[in-house]
Amino acid sequence: MLDGKSLKKVAKRLVDTRGTPGKLLGGKLLVAYRPRDGLVLDMAADLDGETNEAKLIPDLMPRVHARGGPAKLVVGDRLFCASKHFAEFTKDNGHFVVRYARTLSFEPDPKRPAVTTADPSQRAVVEEWGWAGKPKDKLRRYVRRITVARPVGEAITILTDLLDSAPYPATDLLDLYRIRWTIEGTFQKVTAIFALGRFIGSTPEATVFQASMCFVLANVVQVLQGYVSSFKLAAWFCWPIVQ
């Protein structure tokens, strides 16, 4: 899961910022999070807190791919819906599921008709196949577009390069996209538990360093909680044998 985070509430200790109105921003982060175990895998940073975090994808993705293991599946919001980002996500046998943004053109494949099904809530789910990007775009690619209607609010539309609906059902991919919000819960925990909202340093570099330390500590706590949970589960299974 990819998401950006602005480092806010920086103390105005620098001479040039003292007595000035408004809030002070630190750096901007792009974080890679693995929901399976709740760990922050890596992050990229920019000292400009107002920058677009999508600019950090070329810095972050090579390190994510270099971790080895099975193929990576990147899940992101519509901010990451662009052909140049898809090229980064799909390196080293990677794949992607991102929310569709209207800024990226989509041309349906006339040889492959759309398929309409229903999700467990009996909402209409429409699957389309076609090309993302304009015909002259060198990074144009064939994708699958999945749209689920909602009774209130705009429909949710995602794009993916996982074209086969048999091993990758549309409802599973929509559920996967909904899990993306768990990264926001991690950000909230790190902010509350490790006081990320009260920065010790006042420079952009200091805010990025403190955020990095907070994510490392959060990972340590998450791993320890996993060990404790495993120990309790093992003890529960072994208790009848001990008796």
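Refer to the structure printed above.
Just so it is clear, the structure is predicted and the values come from calculations on it, not from any experiment.

Tallying secondary structure elements over the protein chain gives five helices and ten strands in all. Taken along the three principal axes of its C-alpha coordinates, the protein chain extends 70 × 65 × 40 Å. Here the protein chain, with 243 residues, has 40% of them falling under the buried criterion. Of the contacts made within the protein chain by residues no fewer than 6 positions apart, 52% connect residues no fewer than 24 positions apart. For the protein chain, the computed accessible surface area is about 14,100 Å², with 59% contributed by carbon and sulfur atoms. Considering the protein chain, the positive charge centre built from 35 side chains and the negative charge centre built from 25 side chains are found 4 Å apart.

Right, let's get into helix H3 (residues 170-179). Those residues of H3 that fall on the buried side of the exposure criterion are Ala170, Leu173, Leu174 and Tyr177. End-on, the buried residues of H3 take up no more than an arc of 100°, which puts them together on one face. Buried residues belonging to H3 abut strand E4 (73-76), strand E5 (95-99), strand E8 (124-132), strand E9 (141-148) and strand E10 (156-160).

With that settled, consider the layout of surface pockets. Size it by volume and the largest pocket reaches roughly 640 Å³. Taken together, 23 residues make up the lining of the largest pocket; nearest its centre are Arg34, Arg36, Ala71, Lys72 and Leu73. Of all the secondary-structure elements, those providing two or more residues to the lining of the largest pocket are strand E2 (28-34), helix H1 (57-65) and E4. Taken together, the residues of the lining of the largest pocket sort by class into 16 nonpolar, three polar and four charged. If you go around the second largest pocket, you meet twelve residues; those closest to its centre are Lys5, Ser6, Leu7, Lys8 and Thr191.

The buried fraction of E10 amounts to five of the five residues, a majority that puts the element mostly inside the structure. Burial along E10 is two-sided: Ile156, Ile158 and Thr160 and Thr157 and Leu159, pointing in opposite directions, are all buried. Of the strand pairs in this sheet, E5 and E10 are connected by three bridges, and their pairing is antiparallel. Across the sheet, Arg99 pairs through a bridge with Ile158, a residue of E10. Looking at chain direction, E9 and E10 are connected through five bridges and run antiparallel. Across the sheet, the residue bridging to Arg145 is Leu159, located in E10.

Here the focus is the sheet that holds strand E1 (residues 2-6). The strand order E1-E2-E3 describes an open sheet built from three strands, whose pairing is antiparallel. The strands lining the two open edges of the sheet, one partner per strand, are E1 and strand E3 (39-46). Going across the sheet, the axis of each strand differs from the next one's by a mean of 25°, ignoring polarity. Across seven bridges, the pairing between E2 and E3 is antiparallel. Residue Lys28 lies in a different strand from E3, and its bridge partner there is Asp46. Running at roughly 150° to E3, H1 makes contact with E1, E2 and E3 of the sheet.

Unlike most non-glycine residues, Asn93 shows phi in positive territory, near 65°. Note that Asn93 resides in the loop between helix H2 (83-89) and E5. Under the relative-accessibility criterion, Asn93 is labelled exposed at 54%. Of note, the phi angle at Gln122 is positive, near 65°, even though the residue is not glycine.

This part covers the pattern of salt bridges. Within this structure, the stated rule accounts for 13 salt bridges. Salt-bridge contacts for Asp175 lead to Arg178; the nearest nitrogen and oxygen are separated by 2.6 Å. Of this pair, Asp175 and Arg178 both sit in helix H3, three residues apart, roughly one helical turn. A network of salt bridges, in which partner residues are shared, links Asp3, Asp77 and Arg180.

Rules used in this analysis
- Residues numbered from 1 in each chain as written.
- Predicted model: local features only at pLDDT ≥ 70, side-chain atom pairs only at ≥ 80, totals over all residues.
- Heavy atoms only, no water.
- Helix = DSSP H or I, 4+ residues; strand = E, 2+ residues; numbered from the N terminus.
- Buried < 20%, exposed > 50% of the residue type's maximum accessible area, 1.4 Å probe, protein only.
- Contact = heavy atoms within 4.5 Å.
- Areas by Shrake-Rupley, 256 points an atom, 1.4 Å probe, with all protein chains shown as cover.
- Lys, Arg positive; Asp, Glu negative; His and termini not counted.
- Charge placed at Lys NZ, Arg CZ, Asp CG, Glu CD.
- Arc of directions from axis to C-beta.
- 1 Å grid on protein atoms, 1.4 Å probe; cavity = no way out; pocket = protein on both sides within 12 Å on 5 of 7 lines; lining within 4 Å.
- Points joined across faces, edges and corners; volume = space filled by probe spheres on them.
- Nonpolar A, V, L, I, M, F, W, Y, C, P; charged D, E, K, R; others polar.
- Pairing = 2+ DSSP bridges.
- Axes fitted to C-alpha atoms, helices over the stretch in contact; angles between N-to-C directions.
- Salt bridge = Lys/Arg side-chain N within 4 Å of Asp/Glu carboxyl O.

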